[in-house]
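What follows is the residue order along each chain.
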Amino acid sequence: MYLLPAIDILGGKAVRLAKGDYNQVTVYNDDPVAQARVFEEAGAAWVHVVDLDGARSGVPENIAIVERIVRETSLSVEIGGGIRSLETLKRLVDAGAARMVLGTALVNDPELARAAVDAVGGDRLTAGIDAKGGEVAVSGWIEGSGVAATDLARAMNEAGFRHIVYTDIARDGMQTGIDVQAYVDMAAAFGHPVIASGGVASAADIQRLAPVAASVEGVITGRAVYEGTLDVAEGVRMCAGLTAAEGGAAC
């Protein structure tokens, strides 16, 4: 298990949205690359980047920032937001992204999901499944899809994806704690461990994952690290410790 501090980019700045609402924006750093360096210095190996502009428009608008994070830090970058074509995927590969997150396209363009696996390989792709009440949300969390999150997870496994980020929208950015069982259910449907996102408020929430560590590949945290309720260095150590307890190797 490993920690992925989050950098959500809107208008060129590192921000967080409350429950995915573009009208509830908090700016935490005017320079996302500087924020990435802070996470690197704290011991993080990964960073989860979301292009919020791209998620809303359907076209990535912050690839240059991804390129700078890759060039100026040693972090592995997982990037999502507006990835809805093979051309965009290839641009992000060229930018140095370690993994690309497909979200809306999984529902609206399932052929793209399969073509993406053929183009870059399932291990370089992450299925971004964002749900409210068990229903997948699309278009930057603006619209419901009518698709059950567990059904989509099964389909992504069959398509060849090997990573999932599952976000509980109702908890995201709210620091209300995590729903442990939701990650267990998603991992069972997907057939692989999932990356947990949404609601991580403190080290205690990471510790709550201990009994189900085999179902969790990584933990994304955003507002908690920006507002100081979770120390990145401590989170990195805890995730590595849970992995060791499971008898595996930290990524």
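For the structure, see preceding data.
Since the model is a prediction, treat every value here as computed from it, not as a measurement. (Residues numbered from 1 in each chain as written. Predicted model: local features only at pLDDT ≥ 70, side-chain atom pairs only at ≥ 80, totals over all residues. Heavy atoms only, no water.)

## Things to note about the pairing of strand β12 (residues 216–221)
Most of β12 sits inside the fold, with 6 of its 6 residues counted as buried. Inspection of the sheet shows strand β1 (residues 2–10) paired to β12 by 4 bridges, in the parallel sense. If you follow Tyr 2 over to β12, its bridge partner there is Gly 218. Pairing of strand β11 (residues 194–197) with β12 involves 3 bridges; the strand directions are parallel. By the bridge assignment for β12, Ala 196 is matched with Val 219. For the segment spanning β11, helix α9 (residues 203–208) and β12, crossover handedness is right-handed. (Buried < 20%, exposed > 50% of the residue type's maximum accessible area, 1.4 Å probe, protein only. Helix = DSSP H or I, 4+ residues; strand = E, 2+ residues; numbered from the N terminus. Pairing = 2+ DSSP bridges. Right-handed = clockwise from strand over helix to strand, strands pointing away.)

## Focus on the side chain of Arg 99
Within the secondary structure layout, Arg 99 lies in strand β6 (residues 99–102). For Arg 99, a relative accessible area of 4% puts it in the buried group. Polar contacts involving the side chain of Arg 99 include one to the side chain of Tyr 2, which spans 2.9 Å. Among the polar contacts made by the side chain of Arg 99, one reaches the side chain of Thr 126 at a distance of 3.3 Å. Setting aside residues up to four positions removed in sequence, Arg 99 forms contacts with Tyr 2, Leu 4, Trp 46, Val 77, Glu 78, Ile 79, Asp 123, Arg 124, Thr 126, His 163, Ile 195 and Glu 217. (Polar contact = N/O pair within 3.5 Å; in protein donor to acceptor, adjacent residues only side chain to side chain. Contact = heavy atoms within 4.5 Å.)

## Brief notes about the packing of aromatic side chains
Under the definition given, this model contains 4 aromatic pairs. Ring geometry for Phe 39 against Tyr 226: centres 5.8 Å apart, planes inclined by 65 degrees, an arrangement best described as edge-to-face. Here the residue Phe 39 occupies a position in helix α1 (residues 32–41), and Tyr 226 occupies one in helix α10 (residues 223–226), the gap between them amounting to 187 residues. On the basis of relative accessibility, which here comes to 2%, the residue Phe 39 falls in the buried class. Within the aromatic cluster, the residues linked to one another by ring pairs are Tyr 28, Phe 39 and Tyr 226. Over the face of the ring belonging to Trp 46 we find Arg 99, whose NZ or CZ atom lies 4.1 Å from the ring centre. (Phe/Tyr/Trp six-rings, centres within 6.5 Å; stacked < 30°, edge-to-face > 60°. Lys NZ or Arg CZ within 6 Å of the ring centre and 35° of its normal.)

## Things to note about helix α8 (residues 180–190)
Burial in α8 covers these residues: Val 180, Ala 182, Tyr 183, Met 186, Ala 187, Ala 189 and Phe 190. Those residues of α8 that are buried lie in contact with β7 (125–132), α7 (149–159), β10 (164–168), β11, α9 and β12. With its phi angle positive at about 85 degrees, Gly 191 sits one or two positions after the end of α8.

## Some details on helix α4 (residues 86–95)
Among the residues of α4, those classed as buried are Thr 88, Leu 89, Leu 92 and Ala 95. Along the axis of α4, the buried positions cluster into a sector of 120 degrees, meaning they face one direction only. Residues Glu 87 and Asp 94 are exposed on α4 and point more than 90 degrees away from its buried face. Considering only its buried residues, α4 is in contact with α3 (63–72), β5 (76–80), β6, α6 (110–120) and β7. Downstream of α4 by a residue or two, Gly 96 has a phi angle that is positive, lying close to 100 degrees. (Arc of directions from axis to C-beta.)

## A look at the pattern of salt bridges
For the structure on display, the rule yields 12 salt bridges. In this structure, Glu 72 engages Arg 37 in a salt bridge whose closest nitrogen and oxygen atoms are separated by 2.4 Å. With a gap of 35 residues between them, Glu 72 in helix α3 and Arg 37 in helix α1 connect regions that are remote in the sequence. On the basis of relative accessible area, Glu 72 is assigned to the partly exposed category, the value being 30%. Close ionic contact of Arg 99 with Glu 217 constitutes a salt bridge, the shortest N to O distance being 3.8 Å. One end of the pair, Arg 99, is in strand β6; the other, Glu 217, is in strand β12, and 118 residues separate them in sequence. Pair check on accessibility: Arg 99 and Glu 217 agree, each one buried. Salt bridges sharing partners connect three or more residues here, namely Asp 31, Arg 37, Arg 68, Arg 71 and Glu 72. (Salt bridge = Lys/Arg side-chain N within 4 Å of Asp/Glu carboxyl O.)

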